[in-house]
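Structural overview for review
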Amino acid sequence: VLQVMMGVLKLLSALFLLSLLCPGLSEVDGGFRKNCKAFFLNGVTPYIPRILEQGTVPKPNLKSYKPICQFYKNDYRFATLYDMNNKIPMFSAYKFTGGRGSGNNIDDTWKIEPQGAQYTHQAVDQDYKNVNTDPLVNRGHLFPVMHADGDDAKESTYTLTNIVPQVQTFNGGSWKLMEENVTKIMNQSCKNSNNNTEAYVVTGAVPSENNTLNNRVNIPSFMWTAFCCEISTNQWHSGAHWGDNRNKSKKVRTVPLSVAELNNKLTNMYEKPFNIFHYNFPSLKIHPCNQHDAIMF
């Protein structure tokens, strides 16, 4: 009996330590659960044949891609489709509601997803230390801190399943400038019926063929982002951007695109139809978000 009690105490101690070490235990499954649908326009995830269909990864690719419903401090924060072969997120999706808060006093400790994958399938903090790539890369958020609303949401973005190796000058230069400008556009233009800011954003990365960090983590060739919001009944506002993940000065800007143009570009890159915003099955009807011109600034 004493041995059984000691075993139970050890198990409880281990669980307690795990709860301290892992404040964000995200849900990882073969598909995005109901709680995660709120981060996608109309609750509909991007459509990528054989990778993500109706919010679910088809069985042949379950060992390659993992949908993650990012959960932190008792709330769902955003959604990520994680590419386990390349050890980077394919995209993160979230609802933008203003990006309030400075984030000056947040806990920016990098977190892993203990339920997500083993070391062999996930980037770890050590991968991003003592970097000697040419050009230098650092941690590039897909769901950026400035787009998260409130300190807890901002902290939730500091998970290794939400970042890719991004060229340092690109991350802090033209990509950051684009994020700031898109923030202003969404805050000015994307108002719901209650006059509150509300937009849906999907940001992703296209993996390179053989460029890696620490011989493990893929350094993507390109990064992309798209947003869409309903500004009045059946009236939509949208935009997209595309950038090469290479050494850039702040004077070189990312390329503004319409969402339709970005879909076409991603379709060519992945050699399969790629649709970021669309109506639900079975129609796959083109969404009005795809029908706007690129936003220039």
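Residues numbered from 1 in each chain as written. Predicted model: local features only at pLDDT ≥ 70, side-chain atom pairs only at ≥ 80, totals over all residues. Heavy atoms only, no water.

Right, let's get into helix α4 (residues 174-189). When the terminal C-alpha atoms of α4 are compared, their 22 Å separation across 16 residues agrees well with the 22 Å that a helix rising 1.5 Å per residue should span. Taken together, the buried positions of α4 are occupied by Ser 174, Trp 175, Met 178, Glu 179, Asn 181, Val 182, Thr 183, Ile 185 and Met 186. (Helix = DSSP H or I, 4+ residues; strand = E, 2+ residues; numbered from the N terminus. Expected span 1.5 Å × (residues − 1). Buried < 20%, exposed > 50% of the residue type's maximum accessible area, 1.4 Å probe, protein only.)

Another aspect to go through is the confidence of the model for the chain. Summary statistics for the chain give a mean pLDDT of 85 and a share of 82% for residues scoring 70 or more. Note that pLDDT drops below 50 for residues 4-25; the model gives that stretch 12 contacts with residues more than four away or on any other chain. (pLDDT = per-residue confidence, 0-100. Contact = heavy atoms within 4.5 Å.)

What follows deals with the side chain of Asp 127. Within the secondary structure, Asp 127 is located in the loop between β4 (88-96) and β5 (137-141). Residue Asp 127 is classed as buried on the basis of its relative accessible area of 2%. For Asp 127, the side chain forms a polar contact with the side chain of Arg 216, separated by 2.8 Å. If we skip the residues at most four places from it in the chain, Asp 127 touches Leu 213, Asn 214, Arg 216 and Val 217. (Polar contact = N/O pair within 3.5 Å; in protein donor to acceptor, adjacent residues only side chain to side chain.)

For the coordinates displayed, the defined rule picks out 10 aromatic pairs. Geometry around Trp 242 places Lys 265 over its ring, the cationic atom sitting 5.0 Å from the centre. (Phe/Tyr/Trp six-rings, centres within 6.5 Å; stacked < 30°, edge-to-face > 60°. Lys NZ or Arg CZ within 6 Å of the ring centre and 35° of its normal.)

In terms of burial, strand β6 (residues 163-167) is largely enclosed, as five of its five residues are buried. By the alternation rule, side chains of β6 split into Ile 163, Pro 165 and Val 167 and Val 164 and Gln 166, which are all buried. When β5 meets β6, the two strands line up antiparallel, connected through five bridges. Directly across from Val 137, in β6, lies its bridge partner Val 167. (Pairing = 2+ DSSP bridges.)

Note on placement: Asn 263 falls in helix α5 (residues 259-270). From its side chain, Asn 263 meets the backbone nitrogen of Ile 276 in a polar contact 3.1 Å long. Sequence-distant contacts of Asn 263, defined by excluding residues within four places in its chain, comprise Phe 274, Asn 275, Ile 276 and Asn 290.

Turning to the state of the cysteines, a few remarks are in order. Per the counting criterion, the structure on display carries three disulfides. A sulfur-sulfur distance of 1.5 Å marks the disulfide that ties Cys 228 to Cys 289. Linking Cys 228 and Cys 289, the disulfide has an S-S dihedral of approximately -65° and is accordingly described as left-handed. Placement of the pair is Cys 228 in strand β10 (residues 222-232) and Cys 289 in the segment after α5, with a sequence separation of 61 residues. Shown here for the chain is a disulfide pattern of 1-2, 3-5, 4-6, where each number marks a bonded cysteine counted in sequence order. (Disulfide = S-S within 2.5 Å.)

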